[in-house]
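Each chain, letter by letter, is given below.
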2 protein chains.
Amino acid sequence: MEFSSKLLERAVNEMSQLPGIGKRTALRLVLHMLRQPEAQTFQLADALKTMRQDIKFCKNCHNISDIDICEICSNPHRDETLICVVEDVRDVMAIENTSSFKGLYHVLGGKISPMDGIGPADLFIESLVLKVKEGGVKELIFALSPTMEGDTTNFYIYKQLQGYQVETSTIARGISVGNELEYTDEITLGRSILNRIPFESSLKS
Amino acid sequence: MEFSSKLLERAVNEMSQLPGIGKRTALRLVLHMLRQPEAQTFQLADALKTMRQDIKFCKNCHNISDIDICEICSNPHRDETLICVVEDVRDVMAIENTSSFKGLYHVLGGKISPMDGIGPADLFIESLVLKVKEGGVKELIFALSPTMEGDTTNFYIYKQLQGYQVETSTIARGISVGNELEYTDEITLGRSILNRIPFESSLKS
């Protein structure tokens, strides 16, 4: 791609560093900015800069937060003996959206993935183990993606916790509500039969 | 979408102002930035800001340029009696890539589109007409997208030029090189038969 302007080229190159944004999309976005008022681009640039500079992570759960201890961790109405282990802030948002969970979270910051060079030391696993060691945690709920990396991470943490008094559980895997049975993949369907639950308890939720 | 941080929320909101980027994609991009070194986000923000602030448009053809008269317009080897009328800088880049055109460009900055509230006054049509009035232009090549808006814009300019000595042409519409005949839409195929060219001249290109 040959550009008639170095300024344009630089902006496109920087934009195309973002995941899923190629040069063509970057050019489309940058040209859009040129058609909008100058203030809009400035606001975007400032928002990104300020965010990157000033954002904090909760010292307890590692979730993104503007304060040292996030609103969830500092909420006295939440059950601090119940901790839901998730990959990142998007999972916290998704679970919070359901209003089904009243415990605290622990954000790992990713999952163990040797292919991407991410080992246990790159994640907030140590601080989770420490929390359990210190006592006061009754149950850990593993809510990682049902992928090989997610399962590996679950198992690694589970192993680290051997010998400590803590219950561990994973979120249920089964057929999505509203999905057709025939289109469900075999592994999910197979597991959903193995992990069947009493009909009475399905009536409660 | 509920955010645990105002800084994050603001960054996501600003990003999702861009066309084709929804809140979820914006969140994904912003979280990616948080995992990258701080410098990378700063470079992006600066590149966007500087571009928006300092970018210039060629005074002759309205193409994006870092100098007052762009490299194409100031190149003495190019034929200034031949002007190719295009929508935006991407079209200039695409045509330049072919190395098939040795004339100058005139960038309209869009096309007439009443649905989007874009009229002739919002485009650089007047300066094009002025160029023709002043003489020295032998041929205008309309190279706008073959859509209703593109055709409307072509026709509007064509009408404005009535009475002036200038040839007008549009780029050929037909079957793309390498495409299967059977998958070509009817309008394109129909036009390609009406606008057939002598076999000898197809051998030359």
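Residues numbered from 1 in each chain as written. Chains lettered and ligands numbered in written order. Predicted model: local features only at pLDDT ≥ 70, side-chain atom pairs only at ≥ 80, totals over all residues. Heavy atoms only, no water.

### Some remarks on the interface of chain B and chain A
The cut-off we apply is this: The contact criterion used is simple: two residues touch if any of their non-hydrogen atoms lie within 4.5 Å. Once two parts are put together, the accessible area they lose, assessed with a 1.4 Å probe and summed over both, is termed the buried area. Salt bridge, as used here, is a side-chain nitrogen of Lys or Arg placed within 4 Å of a carboxyl oxygen of Asp or Glu. Any pair of nitrogen or oxygen atoms within 3.5 Å is treated as a polar contact; in protein, a donor-acceptor pairing is required on top of that, and neighbouring residues in sequence qualify only through side-chain atoms on both sides. Secondary structure elements are defined from DSSP: runs of H or I of at least 4 residues count as helices, runs of E of at least 2 residues count as strands, and each element is numbered from the N terminus.
In this assembly, 52 residues from chain B lie in contact with 52 residues from chain A. Regarding the contact of chain B and chain A, the summed buried area is about 5300 Å², with carbon and sulfur atoms giving 69% of it. In this assembly, chain B and chain A are joined by 2 salt bridges. Note that Asp46(B) and Lys49(A) form a salt bridge whose closest N and O atoms lie 3.1 Å from each other. The tally of links between chain B and chain A comes to 14 residue pairs in polar contact (both at pLDDT 80 or more). Of all the secondary-structure elements, those providing two or more residues to the side of chain B that touches chain A are α1 (6-15), α2 (23-35), α3 (38-54), β2 (64-65) and α4 (89-98) of chain B. It is α3(B) that provides the largest number of residues to the side of chain B that touches chain A, a total of 16 residues.

### Thoughts on the nonpolar core
Threshold: Buried Ala, Val, Leu, Ile, Met, Phe, Trp, Tyr and Cys residues form a nonpolar core when they are joined through side-chain atoms within 4.5 Å. Throughout this description, buried means an accessible area under 20% of the type-specific maximum (1.4 Å probe, protein chains only), exposed means over 50%, and partly exposed covers the range between.
By size, the foremost hydrophobic cluster in this structure holds 43 residues, and its most contacted members are Leu8(A), Met15(A), Leu8(B) and Met15(B). At the level of elements, α1 (6-15), α2 (23-35), α3 (38-54) and α4 (89-98) of chain A together with α1, α2, α3 and α4 of chain B are the ones that each hand at least two residues to this core. Setting aside chain neighbours within four positions, we find Leu8(A) in contact with Phe3(A), Leu27(A), Val30(A), Leu31(A), Leu34(A), Met51(B), Ile55(B) and Ile64(B).

### Examining the environment of Thr170(A)
Residue and element names in this part refer to chain A. Counting through the fold element by element, Thr170 comes out in strand β6 (residues 167-170). Overall, Thr170 belongs to the partly exposed group, its relative accessible area being 46%. For the pair formed by Thr170 and Asp151, sequence separation is 19 residues and the distance between their alpha carbons is 10.0 Å. Those residues in contact with Thr170 that sit more than four places away from it in its chain are Phe142 and Asn154.

### As for the sheet that holds β6(A)
All names here are of chain A. Short version of the rule: Two strands qualify as a pair provided DSSP detects at least 2 bridges between them. All axes here are fitted lines through C-alpha atoms, helices being fitted over the stretch that makes contact, and every angle between N-to-C directions spans 0 to 180 degrees.
A sheet is described by the order of its strands in space; here 4 strands give the open sequence β4-β3-β5-β6, paired in parallel fashion. At either end of the open sheet lies a strand with only one pairing partner, and these are β4 (103-107) and β6. Between one strand axis and the next, the sheet turns by 25° as a mean value, whatever way the strands run. As defined by bridge partners, strand β3 (residues 79-86) adjoins strand β5 (residues 139-142) across 4 bridges and the pair is classed as parallel. Bridge pairing in β5 places Val85 opposite Phe142.

### Side note on the packing of α3(A) against α3(B)
Let me state the cut-off plainly: Orientation is classified from the angle alone, with under 35 degrees giving roughly parallel, over 145 giving roughly antiparallel, 65 to 115 giving roughly perpendicular, and any other angle giving oblique. Whether a crossing is left-handed or right-handed is set by the direction in which the near helix is turned from the far one by less than a right angle, anticlockwise for left-handed and clockwise for right-handed. Gly counts as polar in this scheme, as do all residues outside two lists: the nonpolar Ala, Val, Leu, Ile, Met, Phe, Trp, Tyr, Cys and Pro, and the charged Asp, Glu, Lys and Arg.
Where α3(A) meets α3(B), the axes come as close as 9 Å, and the angle between the chain directions of the two elements is 165°. With respect to each other, α3(A) and α3(B) are oriented roughly antiparallel. The two elements α3(A) and α3(B) meet at a crossing, and its hand is left-handed. Here Glu38(A), Thr41(A), Phe42(A), Leu44(A), Ala45(A), Asp46(A), Leu48(A), Lys49(A), Arg52(A) and Gln53(A) of α3(A) come into contact with α3(B), specifically with Glu38(B), Thr41(B), Phe42(B), Leu44(B), Ala45(B), Asp46(B), Leu48(B), Lys49(B), Arg52(B) and Gln53(B). A class-by-class count of the residues in the contact of α3(A) with α3(B) yields 8 nonpolar, 4 polar and 8 charged.

### With respect to the sheet that holds strand β5 (residues 139-142) of chain B
All names here are of chain B. Judged by pairing direction, the sheet is parallel, and its 4 strands sit side by side in the order β4-β3-β5-β6 without closing on themselves. Each edge of the open sheet carries a strand with a single partner, namely β4 (103-107) and β6 (167-170). Strand-to-strand twist in this sheet, taken as the mean axis angle between neighbours without regard to direction, amounts to 25°. Examined bridge by bridge, β5 and β6 share 4 bridges and lie parallel to one another. Residue pairing for β6: Leu140 is matched across the bridge by Thr168. Together, β3 (79-86), β4 and β5 form the strand contacts of helix α5 (residues 126-133), whose direction differs from that of β4 by roughly 145°. Across the sheet, helix α6 (residues 148-160) is in contact with β3, β5 and β6; its angle to β5 comes to roughly 165°.

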